[in-house]
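Chains, contacts and geometry: an overview
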Amino acid sequence: MIGVFAALAAFAIDQITKAIVVANAVTLSAGIPVFPGFNLVFYRNDGVTFGMLGGAPWWSLIALALAICVWLGVMLFRADNAVETLAYGAIIGGALGNVIDRVRYRAVTDFLDFYIGTTHWPAFNLADVFVVSGVGLLLAAPWISARRSIKS
């Protein structure tokens, strides 16, 4: 259940934040400085991470993401600990959030812009944060599980 809840929460948070961004697209297009090193922006990305595969047919990215989500769903239900189920859920929820954007806009809505000086990290969204955090948690899961079993 933890993984399913994580997927639903990640999906909902992503969609709510993107709805707010889209509703304020005109204002955010020019960027709003939040603090030095961070702006809120409005950007449509038709590629994947860092704009890779930009220009690829939008439907192919949807098909790829859905196939990966199915595989991750199988892994979610096979997982034997809470850390892994949480990680799989976060990845699935984030991926499905970006799939919905691709269906609606044929691109993903990005709005988090971090920078140092004039060098900007590629803009991203909370779905990306959930996917990357889930992958990081999956990588750390064996270590976390080992520490838990030592304490028990």
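Residues numbered from 1 in each chain as written. Predicted model: local features only at pLDDT ≥ 70, side-chain atom pairs only at ≥ 80, totals over all residues. Heavy atoms only, no water.

The protein appears in an unreviewed UniProt entry as Lipoprotein signal peptidase from Phaeovulum vinaykumarii. Per UniProt, the protein has the following entry under Pathway (unreviewed entry): "Protein modification; lipoprotein biosynthesis (signal peptide cleavage)." UniProt, in its Catalytic activity (unreviewed entry) section for the protein, records the words "Release of signal peptides from bacterial membrane prolipoproteins. Hydrolyzes -Xaa-Yaa-Zaa-|-(S,diacylglyceryl)Cys-, in which Xaa is hydrophobic (preferably Leu), and Yaa (Ala or Ser) and Zaa (Gly or Ala) have small, neutral side chains." (UniProt positions renumbered as here; feature names shortened; annotations may be inferred.)

UniProt marks Asp110 and Asp128 with the feature "active site" (unreviewed entry), using the numbering shown here. These residues run over 19 residues, yet every pair of their C-alpha atoms falls within 9.1 Å of each other. Relative accessible area serves as the criterion here: at 2%, Asp110 is assigned to the buried category. In contact with Asp110, other than residues within four places in its own chain, are Val41, Phe42, Tyr43, Asn45, Ala123, Phe124, Asn125 and Asp128. Residues within four places of Asp128 in sequence aside, it is in contact with Asn98 and Asp110. (Buried < 20%, exposed > 50% of the residue type's maximum accessible area, 1.4 Å probe, protein only. Contact = heavy atoms within 4.5 Å.)

Assignment of secondary structure puts Thr109 in strand E3 (residues 108-116). Residue classification places Thr109 among the buried residues on the basis of a relative accessible area of 0%. Among the polar contacts made by the side chain of Thr109, one reaches the side chain of Arg44 at a distance of 2.3 Å. Residues within four places of Thr109 in sequence aside, it is in contact with Lys18, Val21, Val22, Phe42, Tyr43, Arg44, Asp101 and Asn125. (Helix = DSSP H or I, 4+ residues; strand = E, 2+ residues; numbered from the N terminus. Polar contact = N/O pair within 3.5 Å; in protein donor to acceptor, adjacent residues only side chain to side chain.)

This paragraph deals with the UniProt feature "transmembrane region" (unreviewed entry) in the protein. Mapped onto this numbering, the UniProt entry annotates "transmembrane region" (unreviewed entry) at residues 55-74, 86-103 and 123-144. Structurally, residues 55-74 is divided into 85% helix and 0% strand, and its ends, taken at the C-alpha atoms, are 30 Å apart. From the first C-alpha to the last, residues 123-144 spans 31 Å; its make-up is 86% helix and 0% strand.

A few words now on a nonpolar patch on the surface. Taken together, the side chains of Met1, Val4, Leu8 and Phe77 present a nonpolar region at the surface, about 510 Å² in accessible area. Mapped onto the elements of the fold, Met1 is located in the segment before helix H1 (2-23). Met1 sits in the exposed class, given a relative accessible area of 82%. (Patch = residues over 30% accessible without salt bridge, like charges linked within 9 Å, V, L, I, M, F, W, Y side chains within 5 Å. Areas by Shrake-Rupley, 256 points an atom, 1.4 Å probe, with all protein chains shown as cover. Salt bridge = Lys/Arg side-chain N within 4 Å of Asp/Glu carboxyl O.)

Moving on to the nonpolar core. Counting eight residues, the largest nonpolar core consists of Val21, Ala25, Leu28, Phe38, Phe42, Phe111, Leu112 and Phe124. Secondary-structure elements contributing two or more residues to this core are helix H2 (25-29), strand E2 (38-45) and E3. Core analysis: the second largest hydrophobic core is formed by seven residues, Ala7, Leu76, Ala79 and Tyr88 among them. (Core = buried A, V, L, I, M, F, W, Y, C linked by side-chain atoms within 4.5 Å.)

Below, the discussion takes up the packing of helix H3 (residues 58-78) against helix H4 (residues 82-105). Each pair of packed helices gets described by two things: the angle between the helix axes and the distance between those axes. It is at 9 Å that the axes of H3 and H4 come closest, and there the two elements cross at 160 degrees. Between H3 and H4, the angle is such that the two are roughly antiparallel. The interaxial crossing formed by H3 with H4 has left-handed handedness. Along the contact surface, H3 presents Trp58, Leu61, Ile62, Ala65, Leu66, Cys69, Leu72, Gly73, Met75 and Leu76, while H4 presents Thr85, Tyr88, Gly89, Ile91, Ile92, Ala95, Leu96, Val99, Arg102 and Val103. Grouping the amino acids of the contact of H3 with H4 by side-chain chemistry returns 16 nonpolar, three polar and one charged. (Axes fitted to C-alpha atoms, helices over the stretch in contact; angles between N-to-C directions. Parallel < 35°, antiparallel > 145°, perpendicular 65-115°, else oblique. Left-handed = near helix turned anticlockwise from the far one by under 90°. Nonpolar A, V, L, I, M, F, W, Y, C, P; charged D, E, K, R; others polar.)

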